[in-house]
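Here's the letter readout for the chains.
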Amino acid sequence: MKIIVAIKQVPERDAQVRIDSSGKWIEESDVQYAMNESDAYALEEALQLREKHSGEVVVVSAGPERVGTTIREALAKGADRAIHIDCNDLNQRDALGVARLIADAIREESADLVLTGLQSDDLGYGQTGVILAALLGVPHATLILHVEKTDAGLKVKRELEAGWFQEIELPTPAALTIQSGGNKLRYATLMGIKKAKTKEMRVVTAAALDAAPVAVLDGIALPKKQRSTQIIPGDAKQAAATLVEKLKFEVRVI
Amino acid sequence: MSGIFVVLEEREGRVSRISWEALAAGQLLATQSGEPLTAIVMGASTQQLANEAAAKSVSKVIRVEHPLLARYTSDGYTVALQQMIQKLAPPQVVVFPHTYQVRDFAPALAARMNEVLISDVVAIDNGPVFTRQLLQGRLAGNYRHQGSGPCFISVQAGAFRVEEPGTTSNAAEIAAFTPNIQPAQIRTKPGEPFRGSAQTVDLGSAPLIVSVGRGIKEADNLPIVQELAAALGAELAASRPICDNGWLPMERQVGSSGQTVSPKLYLAVGISGAIQHLVGMKGSQCIVAINKDPDAPIFEVADYGIVGDLFEVVPALTEAVKAAK
């Protein structure tokens, strides 16, 4: 089974972010980057499928040079090789534009399965996997927690809302977007990290932005507050005492 | 291109609540643009849904009906909606509720028409300018559509208020559209939905909830929040990562994939407040957040906040609650 996993490098979850001078993105020099969480689960699912059925896991990631560290991490965890789509204007491309970049880079691989996380932790469009499926002309399923290979193709467990699930059968080749929590993530071993240095990482240059994006990000801002928050001052003990007063006399739950 | 379309979703035979919120967003767009509003219902048998929609303030209802739409599939819905949009006069905007189902097919539908879904919209301003959250709610991004075809958007649960239904004197016109779908076009075979584990905790009816998130760092640290919950007489809940790690059972998860709650008190400990969590608890009467990061999005919905180390604040709070009782 040949599996391609599309992964994205995103700002670390707790990164303090500042809006940059263009007003359209964050100050990138401020932040540390990490592998997008649901993409890490997609990688884990791919590695487990390969362990069961043999085959190859190829990771693909689009972004500037710094993306290389996230790709190496995926290789250290066990991916066989990688494709880096070198691209400095990822944030100016909309979901369709990014999916086109990835589709062009992987089409000739003719993979049995394309996996990606259900959405990115930065832009959160939640569309790349679905659009990739449309561009590659393969069926897809989203929010998948478990993948089982069958004679006819795949049987997958899909998460629905409010604690419901559903099984879906689909033929391969196919594309799936993976929800977090289906597996336990592995850590890279020292041996894995060492091996990763010798694995193939092919760099392809992203095609220039030919058409203007359909959805244009005009500017970013701090979100509007939905409630007025009273921040309780003082050290832990003082703040706790004040909060208990509020809970007792204003909220009346003690 | 003219008109605003809103695609409604069915739940247990009725139009779902979030679909009415999508309709409210559609009404806003219709007012801003002076365009007529059309509601779309889909399925194998849509009379009941169409009647519900026709009683709202819409100009028209279209029933997209076909036996192959009896059960939702991405392929079936994509083919049917693409045909409808292309055969009728294409609308300016197509509005969806941002549900798991819409996330499954709307990006593909838009891509087939060289368009992009502007997903998870929380506000619409004149232009129209669509606001959606970035970086897990830390920032807001303002988007404009400049494609040549219809603009596709989906709206976040709870972002648009449903007005009390005005008594419309006469119901809107209902039209039918029968798409041409071949069985071979539907490539996936969906099974019956089923519930995960037996639900033994009903967070929905708990008056007080203490909820714990990633900030707790390790499963071994959970007793400090359990003690706080016990002191308050509250149910313990969690955000997704805690349940993903298996530290608490899935049935204690609050958020889009877990339970939706609106207790008298929701005390969030070490929860940053990603959108998926907020949609499950922002209706709570009083929200208290304890977090070390003053910029955490949880503070946007909190009534009271303590910015500090939960490992110091939570034990102090447990002691103070015990002393006050």
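What you are looking at is a predicted structure, and each value in this text was computed from that prediction instead of being measured.

## A word on the overall build of chain A
So, step 1. Summing up its helical and strand segments, chain A has 6 helices and 13 strands in all.
So, step 2. Overall size of chain A, expressed as C-alpha extent along the three principal axes, is 65 × 40 × 40 Å.
So, step 3. Looking at chain A alone, contacts between residues at least 24 apart form 68% of all its contacts between residues at least 6 apart.

## A look at the pairing of strand β5 (residues 60-65) of chain B
Residues and elements named next belong to chain B.
So, step 1. As paired elements, strand β4 (residues 37-43) and β5 share 6 bridges and run parallel to each other. Note that in β5 the partner of T38 across the bridge is K60.
So, step 2. Crossover connection from β4 via helix α2 (residues 47-54) to parallel β5: handedness right-handed.
So, step 3. Relative to strand β11 (residues 173-177), β5 is paired through 5 bridges, and the arrangement is parallel. Looking at β11, one finds that V64 is bridged to F177.

## What about the domain arrangement of chain A?
So, step 1. As far as domains go, chain A holds domain 1 (2-205) and domain 2 (230-254).
So, step 2. Here the C-alpha centroids of domain 1 of chain A and domain 2 of chain A sit 44 Å apart.

## What to know about the domain arrangement of chain B
All names here are of chain B.
So, step 1. As assigned here, chain B comprises domain 1 (4-185) and domain 2 (203-324).
So, step 2. Each of domain 1 and domain 2 was reduced to a C-alpha centroid, and the two centroids are 34 Å apart.
So, step 3. Between domain 1 and domain 2, the residue contacts involve 7 residues of the former and 9 residues of the latter.
So, step 4. Class assignment of the residues belonging to the side of domain 1 that touches domain 2 gives a composition of 1 nonpolar, 5 polar and 1 charged.

## Concerning the interface of chain B and chain A
So, step 1. Contacts between chain B and chain A engage 75 residues on the former and 70 residues on the latter.
So, step 2. Among the residues forming the side of chain B that touches chain A, the class breakdown is 34 nonpolar, 21 polar and 20 charged.
So, step 3. Pairing of strand β9 (residues 164-170) of chain A with strand β12 (residues 189-190) of chain B involves 2 bridges; the strand directions are antiparallel. From the neighbouring strand, E169 of chain A faces β12 of chain B, where its bridge partner is K189 of chain B.

## Notes on the packing of helix α4 (residues 128-136) of chain A against helix α4 (residues 100-112) of chain B
So, step 1. In contact at an axis separation of 8 Å, α4 of chain A and α4 of chain B are set at 45° when each is read in the N-to-C sense. Relative to α4 of chain B, the element α4 of chain A is oriented oblique. Classified by chirality, the crossing of α4 of chain B by α4 of chain A is right-handed. Taking contact as the criterion, the partners of V130, I131, A133, A134 and L135 of chain A in α4 of chain A are, on α4 of chain B, D104, P107, A108, A111 and R112 of chain B.

## Observations concerning the environment of R103 of chain B
So, step 1. Along the chain, R103 of chain B turns up in helix α4.
So, step 2. Residues R103 of chain B and L278 of chain B lie 175 residues apart in sequence; the distance between their C-alpha atoms is 18 Å.
So, step 3. Setting aside anything within four residues of it in sequence, one finds R103 of chain B in contact with G126 and T142 of chain A.

## A short note on the environment of A240 of chain A
So, step 1. Checked against the element boundaries, A240 of chain A lands in helix α6 (residues 236-249).
So, step 2. On the basis of neighbour counts, which here come to 26 C-beta atoms within 10 Å, the residue A240 of chain A falls in the buried class.
So, step 3. Once residues lying within four places of it in the same chain are set aside, the contact partners of A240 of chain A are V313, A316, L317 and A320 of chain B.

## Quick word on unusual backbone geometry
Most peptide bonds take the trans configuration, and most residues that are not glycine carry a negative phi.
So, step 1. A cis amide bond links T172 of chain A to the next residue, P173 of chain A, at an omega of 0°.
So, step 2. Between G127 of chain B and the following residue, P128 of chain B, the backbone shows a cis peptide bond with an omega angle of -5°.
So, step 3. Mapped onto the fold, P128 of chain B is located in the loop between β7 (117-125) and β8 (129-134).

## Comments concerning the sheet that holds strand β1 (residues 4-7) of chain B
The strands that make up a sheet are held in pairs by hydrogen bonds between backbone atoms, and each pair lies either parallel or antiparallel.
So, step 1. In space, the 10 strands of this open sheet follow the order β12(A)-β9(B)-β8(B)-β7(B)-β10(B)-β6(B)-β1(B)-β4(B)-β5(B)-β11(B), with mixed pairing throughout. Each edge of the sheet is formed by a strand with only one pairing partner; in this case those strands are β12 (215-221) of chain A together with β11 of chain B. Averaged over all pairs of adjacent strands, the angle between strand axes in this sheet comes to 35°, irrespective of strand direction.
So, step 2. Where helix α3 (residues 74-87) of chain B meets the sheet, it contacts β4, β5 and β11 of chain B, and its direction lies at approximately 135° from that of β5 of chain B.

## Looking at the confidence of the model for chain B
So, step 1. For chain B, the average pLDDT comes to 92, and 97% of its residues sit at 70 or higher.
So, step 2. At the level of chain-chain contacts, confidence expressed as ipTM amounts to 0.90, with global pTM at 0.88.

Rules used throughout
- Throughout, a residue's number is its position along its own chain's written sequence, starting from 1.
- All chains are assigned letters beginning at A, and all ligands numbers beginning at 1, according to the order in which they are written.
- Local features are withheld for residues below a pLDDT of 70 in this predicted model, meaning they are given only at 70 or higher, and side-chain atom pairs are given and counted only at 80 or more; totals for whole chains, interfaces and linings count all residues.
- Numbered from the N terminus, helices here are DSSP runs of H or I no shorter than four residues, and strands are runs of E no shorter than two.
- We call two residues in contact if the C-beta atoms placed from their backbones are at most 7 Å apart.
- For two strands to count as paired, DSSP must find a minimum of two bridges between them.
- For crossovers, right-handed means that the path from the first strand over the helix to the second runs clockwise, given strands pointing away from the viewer.
- An automatic or database domain assignment provides the domain bounds reported here.
- The classification used treats Ala, Val, Leu, Ile, Met, Phe, Trp, Tyr, Cys and Pro as nonpolar, Asp, Glu, Lys and Arg as charged, and all other residues, Gly among them, as polar.
- What counts as an axis is a line fitted to C-alpha atoms, over the stretch in contact for a helix, and the angles between N-to-C directions run from 0 to 180 degrees.
- Orientation categories follow fixed angle ranges, with anything under 35 degrees roughly parallel, anything over 145 roughly antiparallel, 65 to 115 roughly perpendicular, and all other angles oblique.
- Note on convention: near helix rotated counterclockwise from far helix by under a right angle means a left-handed crossing. Clockwise means right-handed.
- Residue burial here comes from a neighbour count, namely the number of other C-beta atoms, placed from the backbone, that lie within 10 Å of the residue's own C-beta, with 20 or more meaning buried, 12 or fewer meaning exposed, and in between meaning partly exposed.
- Per residue, pLDDT captures the predictor's confidence, and it can take any value from 0 to 100.

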